[in-house]
Amino acid sequence: MTEQTEKFEFKAEINQLLDILVHSLYTNREIFLRELVSNASDALDKMRFEINRDPALDDEIESQISISYNEEAKTITVADTGIGMTKEEVMANIGTIAHSGSAEFIKQAADTNESLDSLIGRFGVGFYSAYMVSDKVVVRTKSFKKDAPAIQWTSDGKTNYELTILDEEMTHGTSIEIFLKEDMVKRFGSEDTLKGIVSKHSNFVSFPIMIGGERVNTVTALWREPKFQIKQEQYEEFYKFLTYDPKPPISTLHFSVDAPVQFNSLLFVPEKDLDIFGMDRDNWGIDLYVRRVLIEHQNKNMLPEYLSFIKGVVDTEDLPLNISRETLQDNLLIGKIRSTMTKQVLSQLEKIAKDDPETYAKFWKAHAKIFKAGHQDFLNKDKYANLLRFDSSKSDGETFVSFDDYIERVKDEQKEIYYAFVASREAANLNPHLEIFRNKDIEVLYLYEPIDEFVMESLREHKEFALVSAEYADLEKLDKFESAKKENEATPLSEEQAKDMDALAAKMKEVLGEQVAEVKISERLSDSPCRLISPNGAMTSSMEKIMKVMNKDSSVPTKTMEINADHPLLRSMLEIFKVNADDEFIELSSRQLLESALLLEGYLNDPHALVGRIQNLLTKAGGWYAELEKKD
Ligand code: ADP
């Protein structure tokens, strides 16, 4: 039988990727070896998995990775006895970019001036990194599947690759031969150098890595070692191996449990959200081992998604090795491991919060967004709530506060924790809903993100304190607290004036028509001329916004406008109204008040009318003022 060779063009994105890798100035080229070893290790994991499922497949070939350097040909070969690839798999895996993150990798890598080290590992573009040191790569592979022929893939990493069906016997596995570029021979052309690189980057690979007949990696299954024997550096090295994160973790959690289910676990809290582009949402989970054998990389049943920032491994004695990944989800033991792990992680976070607030603040900054989704974890509600942090009217805008901080400062007889959804601290200071709280010096927690609203809605209370939206606070509950002394207290309206004020409110409603549900006199405003509230009272304005976004509704909601009868503007309007109920000023200022309030609430889609009106009013006011000045 003659060998058949076919030529194929690379997909466009592969060309781009190769171009970036080859020309990346800042990247540490030695990581190509880490990538190839990691692929080999995955292939061995997959083979072991197949054997566990079907012991008949076991041909007793030892699982290992061997690396060698050929002085004459100037080639490095990385060979494994793993699962191998069929022709179709070779074409699908190393002729196209399968990983969804790769396109994003290209986009980000193209305009970063930084090292691509950690990007390459995380985005799964590993194989191609061989072209950072090589101008020709030859892959020989044989699938474990019966009757699949051995395949050779060859490419100079430019525009195309060749596939040949080999007419030779090969046991399952893959060997990757890398022809070093002329200028790379000096750097990488020795087995000692390769040993150094392997022990630096691939020390924790769980299969033997052989170079020159010697096993290079020694440390395995760190999570099974007794804690007291492990040095901090070893934890950090393992963390780096696991995550490609160049920074050490902010916290390490190593524990073992015997009942109700036996397991060892080694977990880390990264300093940053490792999904920096927010594009790689699926890149989470805990590596699940059964008796040191990797069953699943990034298993998503070990921890709830709101703890998905946690990286690490779990190893249990209590599951069968041949457990199928599909049934893991419903496995009772897994459920038990999960609930124990969740509690451990939450307790660890509580401990950090208590003992090391600075580190906790780092944690919060990096992971709060994901963590907040835990409001649905009712079983751990108290722990979860204790871990939440908020900006607050009583903080300095730098340090965030907990519910407990708030409770420590509450006024006597205060039974509520108040919160408000605001755009920023500055916006909070202008927010008419919060005026009464400023006046009475009652602390308000500031929420900035839609999810915060869901958090409050789910929790509803914390340690006997009801969580209450400031916007809908019950006035009677606030009455008992003393107000700061008001300076220009308005003279109370006479009975007749009060009636006129009601008529003015009716007039304003007439002017604004369908834009407002109602115009009524406010009981709680002091400095602001007006505020808007939802007529149905039940929904806070931010929740209303969330619902609108969900329903793709961009209309401006119809609100009830509350006016402040003591505000000088309303008093002036009242006087003008009494002289001429149809004066243009009433209409202008009614519209202006409504639109300013909508603007503060974030609802004003088109500010043009508002700007035009302000100019009109300013022009008039300027005219009147000039007249007045002349008279003096
Ligand atoms: P990633 O490993 O992140 O998927 P790579 O580009 O490094 O990205 O590899 C692409 C695919 O090629 C792998 O997912 C795997 O299916 C296959 N592959 C690479 N190396 C090997 C190997 N040594 N043995 C078997 N399959 C491999």
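Described in the following lines is the structure provided in the data block. Numbers given for residues are sequential positions, taken from 1 along each chain in its written order. Per-residue local features of the predicted model are confined to residues with pLDDT of at least 70, and side-chain atom pairs are confined, for both listing and counting, to 80 or more; whole-chain, interface and lining totals are unaffected and use all residues. The side-chain values count all of the structure's non-hydrogen atoms but skip hydrogen atoms and water molecules.

**Quick notes on the layout of surface pockets**
Logical step 1: Lining residues are those with an atom within 4 Å of a point, where the points come from a 1 Å grid over the protein atoms alone and group into cavities, where a 1.4 Å probe fits but cannot get out, or pockets, open sets with protein on both sides within 12 Å along at least five of seven lines. Grid points are joined across faces, edges and corners, and a volume is the space filled by probe spheres set on the points. There is about 850 Å³ of room inside the second largest pocket.
Logical step 2: Lining of the second largest pocket is provided by 32 residues; of these, A361, W364, K365, R389 and F400 occupy positions nearest its centre.
Logical step 3: Secondary structure follows DSSP: runs of H or I at least 4 residues long count as helices, runs of E at least 2 residues long count as strands, and numbering of each begins at the N terminus. When contributions to the lining of the second largest pocket are tallied by element, the ones reaching two or more residues are α10 (332-355), α11 (357-371), α12 (381-387) and α13 (403-409).
Logical step 4: If you tally residues by element for the lining of the second largest pocket, the top one is α11, at eleven residues.
Logical step 5: Of the residues in the lining of the second largest pocket, the class split is 13 nonpolar, four polar and 15 charged.
Logical step 6: Start and end positions for the domains come from either an automated domain assignment or a database one. Two domains each donate at least three residues to the lining of the second largest pocket, and these are domain 2 (222-361) and domain 3 (388-479). All amino acids are sorted into three groups, where Ala, Val, Leu, Ile, Met, Phe, Trp, Tyr, Cys and Pro are nonpolar, Asp, Glu, Lys and Arg are charged, and the leftover types, Gly among them, are polar.

**As for helix α2 (residues 31-53)**
Logical step 1: Relative to the 33 Å expected for 23 residues at 1.5 Å per residue, α2 spans 33 Å between its end C-alpha atoms, a close match to the ideal helical length.
Logical step 2: Summary of the burial criterion: residues with accessible area below 20% of their type's maximum are buried, those above 50% are exposed, and those between are partly exposed, where the area comes from a 1.4 Å probe applied to protein chains only. Of all 23 residues in α2, 17 are buried; the element is thus mostly enclosed. Residue count minus one, scaled by 1.5 Å, sets the expected span of a helix.

**Focus: the sheet that holds strand β22 (residues 559-563)**
Logical step 1: Read from one edge to the other, the open sheet built from three strands follows the order β20-β22-β21, with strand pairing classed as mixed. The sheet is open, and its two edges are formed by β20 (516-521) and β21 (530-533), each paired on a single side. Across this sheet, the average inter-strand angle for adjacent strands is 20°, counted without regard to direction.
Logical step 2: Summarising the sheet, β21 and β22 pair through four bridges and their orientation is antiparallel. Paired with R531 across the bridge in β22 is E562.
Logical step 3: A contact between two residues is defined here by any heavy atoms of the two lying within 4.5 Å. Each axis is a line fitted through C-alpha atoms, and for a helix only the stretch in contact is used; angles between axes span 0 to 180 degrees, taken between their N-to-C directions. Its contacts with the sheet place helix α18 (residues 495-512) against β20 and β22, and it is angled at close to 165° to β20.
Logical step 4: Here helix α21 (residues 584-601) sits on the sheet in contact with β20, β21 and β22, set at roughly 60° to β21. Should DSSP find at least two bridges between two strands, the strands are taken to pair.

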